[in-house]
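# Secondary and tertiary structure notes
Listed below, chain by chain, are the residues.
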Amino acid sequence: MTVGSPDMNNDVANFYNGSGTVRVAGKIRDRWGGNLHNGYWHDDADDAPPEVATERLTDLMIDLLEPRPGQNVLDIGCGIGKPAFRLLRAHAVRLVGITISESQVEQARVGAAEAGLADRATFEYADAMRLPFPDDSFDAAWALESMFHVPDRDRALAEAARVLRPKSRLALADFVLRTPISEAGMQVVDRICETFGVHSFSSLDDYLAQLSSHGFTALDIRDISDNVARTGTLLADAWESVREQLVENGNSAEVDAMISATRDFTSTPEFGYVLISATLD
Ligand code: SAH
């Protein structure tokens, strides 16, 4: 497990604000319909396009969250709000989304207004490690592919436990490392961390122990590594097809490193992907 300083958030924010040399989030959003997370495919014969497969992953997370009418949900690392909007359309809940990208806050607010959901959704700039909310302010929380960015996941989980009321549900979609990790695997892990602003990776066992140390009991753990695996290849292909645009205001070496890291990621067995639902004691 990597434990870093809050300053490490800066590279994550740059990555999503698109102020760095690679304007990654924008490109994914345009091509993949706004979800900044993996797709879910039932099997090899399933030819759903990414914009459908990514919505499926959101739906699996909605099932794990088991939202009830009137609940106040915290979306930790909300992106541009696409998963939040799907949850809000399906369930009569309220939601607060946080992200450390200012441009995402703006896009999520505009998106909520356009979708007619602004009366039940607010989005703000905040760090998962320092939540600007009083104790016991939420009934449920989810983090779709955001925890791996957080420099100190222990602190983020402590904060989630603090702002959630007892018996609340927490749903997570995250990468885990399968051990033992070969030397070649470790090189890819290091490269992924560097390229994508990833600061918290661990084995599933360590993840569960950490959850439990903050009072979360895991109810359901689904290893969906095989179902999401296609995402990396599709993403690398998508980036390759807009490579010229990606390098326009930047650095071709960086773009190529990103594409090759994404391809290696898919073919590295050390990376697993899980959905976890847990309840707070
Ligand atoms: N959950 C969204 C976005 C996933 S991308 C979706 O599935 O579409 C990862 C998100 O985590 C980004 O919005 C990023 O800004 C956010 N994030 C990363 N580190 C964070 C931190 N320390 N605090 C809050 N949000 C963070």
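Residues numbered from 1 in each chain as written. Predicted model: local features only at pLDDT ≥ 70, side-chain atom pairs only at ≥ 80, totals over all residues. Heavy atoms only, no water.

## Considerations on the site of the ligand
Near the ligand there are 22 residues, and of these L36, H37, G77, T99 and Q104 occur at the shortest range. A distance of 2.8 Å is found between an oxygen atom of the ligand and a side-chain nitrogen or oxygen belonging to T99. Here the ligand, which alone exposes 570 Å², has 100% of that area covered by the protein. Counting atoms within 2 Å of the grid points, the majority share of the ligand lands in the largest cavity. At 3 residues, the largest contribution of residues to the shell around the ligand is made by helix α1 (residues 9-17). Residue composition of the shell around the ligand, grouped by class: 10 nonpolar, 10 polar and 2 charged. (Near = heavy atom within 4 Å. Polar contact = N/O pair within 3.5 Å; in protein donor to acceptor, adjacent residues only side chain to side chain. Areas by Shrake-Rupley, 256 points an atom, 1.4 Å probe, with all protein chains shown as cover. 1 Å grid on protein atoms, 1.4 Å probe; cavity = no way out; pocket = protein on both sides within 12 Å on 5 of 7 lines; lining within 4 Å. Sits in = over half its atoms within 2 Å of the grid points. Helix = DSSP H or I, 4+ residues; strand = E, 2+ residues; numbered from the N terminus. Nonpolar A, V, L, I, M, F, W, Y, C, P; charged D, E, K, R; others polar.)

## With respect to empty space enclosed by the protein
The full count for this structure, using the stated rule, is 1 cavity of 30 Å³ or more. Volume-wise, the largest cavity comes out at about 360 Å³. Along its surface, the largest cavity is lined by 28 residues, and G77, C78, G79, S146 and H149 are the ones closest to its centre. Elements supplying a minimum of two residues to the lining of the largest cavity: α1, β1 (72-76), β2 (94-99) and β4 (138-144). In terms of residue count, the dominant contributor to the lining of the largest cavity is α1 (3 residues). (Points joined across faces, edges and corners; volume = space filled by probe spheres on them.)

## Digging into the packing of aromatic side chains
On inspection of all chains with the given rule, the structure shows 8 aromatic pairs. Here the aromatic rings of F175 and F265 are separated by 4.9 Å at their centres, their planes lie at 75°, and the arrangement is edge-to-face. Linking F175 in strand β5 (residues 164-177) with F265 in helix α12 (residues 252-266), this pair joins segments that are 90 residues apart in sequence. Each member of the pair F175 and F265 is classed as buried. Their ring planes at 15° and their centres at 6.2 Å tell us that F196 and W239 sit as a pair that is stacked. With F196 in helix α7 (residues 183-196) and W239 in helix α10 (residues 230-241), this residue pair connects regions lying 43 residues apart in the sequence. Like F196, the residue W239 is buried in the burial classification. Of the aromatic side chains, those joined through ring pairs into one cluster are F148, F175, F201, F265, F271 and Y273. The ring centre of Y207 lies 3.5 Å from the NZ or CZ of R153, which sits over that ring. (Phe/Tyr/Trp six-rings, centres within 6.5 Å; stacked < 30°, edge-to-face > 60°. Buried < 20%, exposed > 50% of the residue type's maximum accessible area, 1.4 Å probe, protein only. Lys NZ or Arg CZ within 6 Å of the ring centre and 35° of its normal.)

## Side note on α10
Taking 1.5 Å as the rise per residue, α10 with 12 residues should run 16 Å; its terminal C-alpha atoms sit 17 Å apart, in good agreement. If you check which residues of α10 are buried, you get T231, G232, L235, A236, A238 and W239. Projected down its long axis, α10 shows its buried positions confined to an angular sector of 160°, all on one face. (Expected span 1.5 Å × (residues − 1). Arc of directions from axis to C-beta.)

## Looking at the layout of surface pockets
Roughly 610 Å³ of volume is contained in the largest pocket. Lining the largest pocket we find 33 residues, and of these N38, E145, F175, L235 and F265 sit closest to its centre. If you list the elements that add at least two residues to the lining of the largest pocket, you get α1, α2 (24-32), α7, α9 (225-228), α10, α12 and β7 (271-280). It is α10 that contributes the most residues to the lining of the largest pocket, 4 residues altogether. Tallied by class, the residues present in the lining of the largest pocket amount to 20 nonpolar, 10 polar and 3 charged.

## Some points on the nonpolar core
Ranked by internal contacts, the top residues of the largest apolar core, which has 58 residues, are F123, I192, F201 and L275. Broken down by element, this core gets its largest block of residues, 6 residues, from helix α3 (residues 50-65). Each residue touching F123, except ones within four places of it in the same chain, is listed here: C78, G81, A84, F85, L95, G97, V105, A108, R109 and A112. Grouped together as the second largest cluster of nonpolar side chains are 30 residues, A141, A156, L172 and A278 included. (Core = buried A, V, L, I, M, F, W, Y, C linked by side-chain atoms within 4.5 Å. Contact = heavy atoms within 4.5 Å.)

## What about α3?
For α3, with 16 residues, the first-to-last C-alpha span of 23 Å sits near the 22 Å given by 1.5 Å per residue. Among the residues making up α3, those that are buried are P50, A53, T54, E55, L57, T58, L60, M61, I62, L64 and L65. One or two positions beyond α3, positive phi appears at E66, with a value near 45°.

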